[in-house]
Amino acid sequence: NFSGDQVRFTARGFSVPGDHAGQTSNGLRWPYGPVALITPFNFPLEIPALQLMGALFMGNKPLVHVDRKVSIVIEQLLRLLHHCGMPLTDVDLIHGDGRVVNELLLRAKPRSTLFTGSQRVAEKLALDLQGKVFLEDAGYDWKVLGPDVAELDYVAWQADQDAYACSGQKCSAQSLLLMHRNWRKAGLLEQLKARASTRQLSDLTIGPVLTWTTKAMLDHMNKLLQLPGGGPAEQAGSWQLTAALAFSQAEDL
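Before going into details, it helps to say that this report is about the structure given with it. Given the structure is predicted, the values throughout are model-derived calculations rather than measurements. Along each chain, the written sequence defines residue order, and numbers are assigned to residues from 1. Only residues with pLDDT of 70 or above have their local features reported here, since the model is predicted, and side-chain atom pairs are shown and tallied only from 80 upward, although totals for entire chains, interfaces and linings are computed over all residues. To get the side-chain values, take all heavy atoms of the structure and skip hydrogens and water.

## What about the overall build of the chain?
The condition is simple: Secondary structure follows DSSP: runs of H or I at least 4 residues long count as helices, runs of E at least 2 residues long count as strands, and numbering of each begins at the N terminus. Note on classification: 1.4 Å probe, protein chains only; a residue is buried when its accessible area is under 20% of the maximum for its type, exposed when over 50%, partly exposed between these limits. In what follows, residue pairs with any heavy atoms lying within 4.5 Å of each other are defined as contacts.
Broken down by element type, the chain carries 10 helices and 9 strands. Put simply, the chain has 253 residues, and 35% of those count as buried. Looking at the chain alone, contacts between residues at least 24 apart form 66% of all its contacts between residues at least 6 apart.

As structure tokens, then:
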């Protein structure tokens, strides 16, 4: 993103001709100054690194907070940047609880805050910071399979990947699968069960979950199974499958 001339282009302006002779509009980009970056646990390097470097290249002074479960990653990146010559005063890093960070933002009043995380926190920040925020809140991603069954093997592979790749921690991870009963008759559940059962910690096709208990995940699964039209998905595979997928047997979608 920042190779070659891309750093210069982050400050690229624009020029738009008007609707009268000699009329034009020009735009220039300037640093905000004090800004804040708040990023989640699931991509502890990629998301904060891209956002941080863009803010720095534009001449801003970022305050960075990464979810405390993984914040050591961004700390090591900052140490690397310091080793490469970045002044120690260019970035402020704060570890800690979200409530502490929220209070700090209210007192510091950054010109702009870039937040990636849950919808609940995003809505609170939008109010607390009076709209001076850029938000990428959490996704709840559905997959809907209608009555026409085709490419069964591919659909099973794609559904498995969408649910479990990166241990299901991607923002775009499949949260809910709604399928016509024809897919069940065609054997999709059996294929999903077979694919889910091959994922193991030993080869990192599934990762450990450190912040949720098995009971909490099973309770969540059981709530999903209470949805109208929900089937006994536990008959189709392990709890890994049922924790991420719920099934609807509606005749018409």
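## Quick word on helix α6 (residues 152-164)
So the rule is basically this: The length a helix should cover is 1.5 Å for every residue beyond the first. To be clear, the arc concerns the directions from the helix axis to the C-beta atoms.
Spanning 13 residues, α6 covers 18 Å between terminal C-alpha atoms, matching the ideal 18 Å at 1.5 Å per step. Taken together, the buried positions of α6 are occupied by Leu152, Val155, Ala156, Ala159, Asp160, Ala163 and Tyr164. Buried positions in α6, seen along its axis, are confined to an arc of 135° and lie on one side of it. Trailing α6 by a residue or two, Cys166 shows a phi angle of about 55°, which is positive.

## Examining the packing of aromatic side chains
Cut-off, in case you're wondering: Classification of ring pairs uses Phe, Tyr and Trp, with its six-membered ring standing for Trp, and accepts pairs whose centres are within 6.5 Å; under 30 degrees between planes counts as stacked, over 60 as edge-to-face, and the remaining range as tilted. Throughout this description, the term charge over a ring refers to an Arg CZ or Lys NZ atom that lies within 6 Å of the ring centre and within 35 degrees of the ring normal.
Evaluation of the coordinates by the stated rule reveals 2 aromatic pairs. With a centroid separation of 5.1 Å and 70° between ring planes, the pair formed by Phe2 and Phe57 is classed as edge-to-face. Linking Phe2 in the segment before α1 (6-9) with Phe57 in helix α2 (residues 46-57), this pair joins segments that are 55 residues apart in sequence. Between Tyr154 and Trp157, the aromatic rings sit 5.9 Å apart at their centres with planes inclined by 35°, giving tilted as the arrangement. Placement of both Tyr154 and Trp157 in helix α6 is noted, with a separation of 3 residues, approximately one turn of the helix. In this structure Trp157 comes out as partly exposed when scored by relative accessible area, which is 37%. When the ring centre of Phe9 is taken as reference, the NZ or CZ atom of Arg12 above it lies at 5.0 Å.

## Here we look at the packing of α2 against helix α3 (residues 71-83)
Using the following cut-off: As a rule, the C-alpha atoms of each element are fitted with a line to give its axis, helices using only the stretch in contact, and angles between N-to-C directions run from 0 to 180 degrees. When describing relative orientation, an angle under 35 degrees is termed roughly parallel and one over 145 degrees roughly antiparallel, while 65 to 115 degrees is termed roughly perpendicular and anything else oblique. Helix crossings are classified by the rotation of the near helix relative to the far one: an anticlockwise turn of less than a right angle makes the crossing left-handed, while a clockwise turn makes it right-handed.
Close contact between α2 and α3 brings their axes to 10 Å; oriented N to C, the two are set at 40°. Comparing their axes, α3 and α2 come out oblique. Relative to α3, α2 is oriented so that their crossing is right-handed. Between α2, through Pro48, Ala49, Leu52 and Met53, and α3, the contact on the second element is made entirely by Ile74, Leu77, Leu78 and Leu81.

As far as function goes, none of this settles anything; it's purely spatial.
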